Amino acid sequence: MVIDCHIHLMPHPGETQAQAARRTLAAMDRLGIDKACVSLGDRLIVQPNATELREQNAWVASTVALAPDRFIGFVYCSPNHPELSLELIEEYAVRGGFRGIKLWVCQLADHAGNDAICRRAAQLGLPVLAHTWVKVTGNMPTESTPDHLVTLARRHPDVNFIMAHAGGDWERGLRTVRHVPHIYPDTCGNDPEAGFTELAVALVGAERLVFGSDATGRSFASQLAKVTGADITDDQKRLILGDNLERLMPA
Amino acid sequence: MIIDSNCTLGPWPFRRLRHSDAAGLLGLMDGLGITQAWVGAVEGIFYRDMAAANEQLLERISGHEDRLVPWAVVNPAFPGWEEDLQEAEQAGFVGVRLYPNYHAYDLADPRLGDLLGAVKALHWPVAIYARVQDERLHHWHMLVPPVGFAGLPQVVERFPDLPMVICGQTWQFAQQFRGLFAGTNLYLDISRCEGVAGVADMVQAIGADHVLFGSHAPLFYLEAAVLKIQEAGLEGTAREAILHGNATRLLG
Ligand SMILES: [Zn+2]
């Protein structure tokens, strides 16, 4: 079972949601990707207000409804709107079958507004997929690095965190979280630089690396190749491509 | 048959690579059914002395010239490039690679025009590298901006028949410059073409006759380019053109 922990369904100009979903599923079929976890909305909003946060989650719900056996929803939460985020978790995870939480770039990961969200994630056993990047060209002021995620994770030892993009600067990101066992780096969202997966397996272990693509902005292929093209065992590839994530998500 | 138009050999200064020598690259190629790779020297990106970089490449591929086809790196903004080009021709190179951002000139630079004129006289192709690595991941004290392509229409207008490959561009770039490709010898490689089935979007914008299989190995996983072709669902003549037909025609 190959599961992608990290996609966003963003249509091309003029394309409907159903068309974008069909195009995405066709690409997944050609590459043998069984399921994909969908988060955010039809476009990227750095600072979503309450209405936009509701709209973006509704977009994911209607995406999942198009192919419920292929798409898994993650609830997009915002530490700027903790009470609304808890409501959205009730609506979409408790009652709607979403199986994870997504934090993006509206505040740094260690923002106090994330604590209520993480406490609820712990109760429900939901993994928290959190954006991280370290850009030598400069992060956005509210864009987390792996260090911010480590701070949040230490406050919530009973939550499993998926560190999106392995920190972007993956050699740094992997080192930063090496000894924080409930942080799971994902594989996605940068070029398929050779050596990534081998280093991740060496530093955090194949049991803690999770396949993700960051489609539809990224190619499924370029990100999948980081795993399938790596010099690791088939058992390790199976863990990374789906088994680890299946273990992290509630049934 | 698959020809990989975008490979380099030599140690990358910022990271240990597993497959940066000829044996390593050939091993990757064998595993993925790649017949031939066009290679250039990593040192050509960083050295001042291009002749030395190109010579190192020839040493590295010695005995494997049937599968590893050498392209010379030339820097038109450095004195003596004419001699580098001449030596490269005599030494068995087949084309020229350019790194305008690492070598600090742009597409409007008259020295580039001079070089392209000389390359045209040799009936050689030229490859322009848009990006070697994502700028966000550069070394702290070696930040190299991407190549600007505002001057591309003028270059294509001046050298309409010159076989020219732009390495490391996107399907969005293909859409932006789609009007430039018809009737020219201009190509894009797929090494940094992203998006869901992004290669199909690139083909839709400029036609399969202008797209080249290129992996950017061993800096990138070679398998990424192979899977991108699969993801795009291309078949028949379009697929064959991208995998080898265009490359064969380009080298004449
Ligand atoms: Zn993402």
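This text gives an overview of the structure that appears in the document. Note that the structure is a prediction, hence the values are computed from the model and not measured.

## Overview of the sheet that holds strand β4 (residues 72-73) of chain B
Residues and elements named next belong to chain B.
Next, step 1: Ordered by their spatial adjacency, six strands build an open sheet running β4-β5-β6-β7-β8-β9, and the pairing between neighbours is parallel. This sheet does not close on itself; its edge strands, each paired only once, are β4 and β9 (211-212).
Next, step 2: Note that β4 and strand β5 (residues 96-98) share two bridges and pair parallel. By the bridge assignment, Val73 is partnered in β5 with Arg97.
Next, step 3: With respect to the sheet, helix α5 (residues 110-121) is in contact with β5 and β6 (126-129), its orientation differing from that of β5 by roughly 165 degrees.

## Some thoughts on the interface of chain A and chain B
Next, step 1: Counting residues at the interface gives 41 residues for chain A and 30 residues for chain B.
Next, step 2: Where chain A abuts chain B, roughly 3000 Å² becomes buried across the two surfaces, and 57% of that area is made up of carbon and sulfur atoms.
Next, step 3: By the criterion of area lost to chain B, the three top residues of chain A are A:Arg30, A:Val136 and A:Glu193, representing 20% of everything that side buries.
Next, step 4: The tally of links from chain A across to chain B stands at six salt bridges.
Next, step 5: With a shortest N-O distance of 3.9 Å, A:Glu198 and B:Arg18 are connected by a salt bridge.
Next, step 6: Counting every contact that joins chain A to chain B gives 23 residue pairs in polar contact (both at pLDDT 80 or more).
Next, step 7: Among the secondary structure elements, those contributing two or more residues to the side of chain A that touches chain B are α1 (17-31), α6 (170-177), α7 (196-203) and α8 (220-228) of chain A.
Next, step 8: If you tally residues by element for the side of chain A that touches chain B, the top one is α8(A), at eight residues.
Next, step 9: Among the residues making up the side of chain A that touches chain B, the classes are represented as 15 nonpolar, 14 polar and twelve charged.

## Observations regarding the coordination of the zinc ion
Residues and elements named next belong to chain A.
Next, step 1: Binding of the zinc ion to the protein goes through His6 (NE2), His8 (NE2) and Asp214 (OD), at separations of 2.1 to 2.2 Å.
Next, step 2: Sequence spacing among the residues donating to the zinc ion works out to H-x1-H-x205-D. Separated by 206 residues along the polypeptide, His8 in the loop between β1 (3-7) and α1 and Asp214 in the loop between α7 and α8 bring together distant segments of the chain. For the pair shown, His8 and Asp214 are each scored as buried.

## Comments concerning the pairing of β6(B)
Residue and element names in this part refer to chain B.
Next, step 1: Every second residue of β6 is oriented toward a common face, with Val126 and Ile128 on one face and Ala127 and Tyr129 on the other, all of them buried.
Next, step 2: Alignment of β5 against β6, held across three bridges, turns out to be parallel. Across the sheet, the residue bridging to Arg97 is Ala127, located in β6.
Next, step 3: Chirality of the crossover, the property in question, places the unit of β5, α5 and β6 among those that are right-handed.
Next, step 4: After leaving β6, the chain enters helix α6 (residues 152-158) and then returns to the sheet as strand β7 (residues 164-167), a path that is right-handed.

So, how was this worked out
Residues numbered from 1 in each chain as written. Chains lettered and ligands numbered in written order. Predicted model: local features only at pLDDT ≥ 70, side-chain atom pairs only at ≥ 80, totals over all residues. Heavy atoms only, no water. Pairing = 2+ DSSP bridges. Helix = DSSP H or I, 4+ residues; strand = E, 2+ residues; numbered from the N terminus. Contact = heavy atoms within 4.5 Å. Axes fitted to C-alpha atoms, helices over the stretch in contact; angles between N-to-C directions. Buried area = accessible area lost by both parts, 1.4 Å probe. Salt bridge = Lys/Arg side-chain N within 4 Å of Asp/Glu carboxyl O. Polar contact = N/O pair within 3.5 Å; in protein donor to acceptor, adjacent residues only side chain to side chain. Nonpolar A, V, L, I, M, F, W, Y, C, P; charged D, E, K, R; others polar. Donors = N, O, S within 2.8 Å, 3.2 Å for Na, K, Ca; no water. Buried < 20%, exposed > 50% of the residue type's maximum accessible area, 1.4 Å probe, protein only. Right-handed = clockwise from strand over helix to strand, strands pointing away.

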